[in-house]
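Survey of secondary and tertiary structure
Each chain, letter by letter, is given below.
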Amino acid sequence: MQSWVIGNWKQNPATQHAVNTLIDELQEAMSASLAPSCQLMVAPSFIHLAAVAAQLNETDILCGAQDVSAHSASTGAYTGDVSAAQVQDTGAHWTILGHSERRQYHHEDHDTLVQKMNHALHQGLGVIFCIGESQQQYDAKETLDVLDTQLKVIAEVTQNLDDTTVLSEKLIVAYEPVWAIGTGKVPTVVEVSDTHAHIKQTLASYHHALGSTAVLYGGSVNADNAPDFAASDVVDGALVGGASLKAASFLAIAEAFAATKGNK
Ligand code: PEP
């Protein structure tokens, strides 16, 4: 079974030089045996996207963006925005959408995310769609209700697609409890597994083609806890923030998933 380990670099590193060093270290340290059982991807910031996509072209590491414009899939008078077509043109073929930091700092809501996902898919980009509850919602045991609401973006996009089967290859869902992102706090593997089972069931209820969607866990994943998450049958990989900025920790997480999923 193939797993996914995706690095969300956020607004890091500060310089092109540091980006080049990270890419070089990843390529040097990555073992050839990783690729069949664990697909790696990195999502640099827009300023570094084209350079990283070019460096990773014809390697086993995919490249994705962290966002696309909601306003237009191609071009237009949208200062500061980057469209799905422009992302595709860099050679990056995926984008993260709906990350909790975008929801929090840029007030991205259901309608915005439907637009973004429609544009991304229209331009042939794959989408890593992030969902997750806040600490308050977790404490109030509202997690599944919150996720059901956030997943409705996928339900709406699916309804309007001519060919839903494309989604099964172009969609990844990342469950990222907001309270676990960058905090060092993680839910138990049992909690994550129950939540992933619910997400998979919900996606399958939208369309049978979505039943095989990869569901990743994200939130303070590191080299130490990755083997525990990898051991769960319903955790198909990890979306990694902080630990993706060092080649050694990122690759250790990938090795943990490759070791477990490669045997299944
Ligand atoms: C993220 O922001 O997607 C993330 C999972 O961050 P971290 O791994 O640093 O918690």
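Above this text you will find the structure in question.
In this report, we go over the structure that sits alongside the text. Predicted model only: the values in this text are computed from it and were never measured.

Some details on the site of the ligand
The local shell around the ligand holds 14 residues, among which Lys10, Glu176, Gly182, Ser220 and Gly241 are the closest. A distance of 2.6 Å separates an oxygen atom of the ligand from a polar backbone atom of glycine 182. Measuring from an oxygen atom of the ligand, one finds a backbone N or O atom of glycine 241 at 2.8 Å. Of the residues belonging to the shell around the ligand, the class tally is four nonpolar, eight polar and two charged.

A few points about helix H11 (residues 247-261)
Between the first and last C-alpha of H11 there are 21 Å, a value that for 15 residues agrees with the 21 Å anticipated at 1.5 Å per step. All of the buried residues along H11 are Ala247, Ser249, Phe250, Leu251, Ile253, Ala254, Ala256, Phe257, Ala258 and Lys261. Taken together, the buried residues of H11 touch strand S1 (3-8), helix H1 (16-29), strand S2 (38-43), helix H10 (226-230) and strand S8 (237-240).

Things to note about the nonpolar core
Ranked by internal contacts, the top residues of the largest apolar core, which has 65 residues, are Phe129 and Phe257. Ranked by the residues each element gives to this core, the list is headed by H11, at eight residues. Ignoring sequence-local partners within four residues, the contact set of phenylalanine 257 consists of Ser3, Val5, Cys38, Ala226, Phe229, Ala230, Val235, Gly237, Ala238 and Gly262. Core analysis: the next-biggest nonpolar cluster, separate from the first, contains 13 residues, Ile6, Ile128, Ala174 and Leu216 among them.

Calculation rules
Residues numbered from 1 in each chain as written. Predicted model: local features only at pLDDT ≥ 70, side-chain atom pairs only at ≥ 80, totals over all residues. Heavy atoms only, no water. Near = heavy atom within 4 Å. Polar contact = N/O pair within 3.5 Å; in protein donor to acceptor, adjacent residues only side chain to side chain. Nonpolar A, V, L, I, M, F, W, Y, C, P; charged D, E, K, R; others polar. Helix = DSSP H or I, 4+ residues; strand = E, 2+ residues; numbered from the N terminus. Expected span 1.5 Å × (residues − 1). Buried < 20%, exposed > 50% of the residue type's maximum accessible area, 1.4 Å probe, protein only. Contact = heavy atoms within 4.5 Å. Core = buried A, V, L, I, M, F, W, Y, C linked by side-chain atoms within 4.5 Å.

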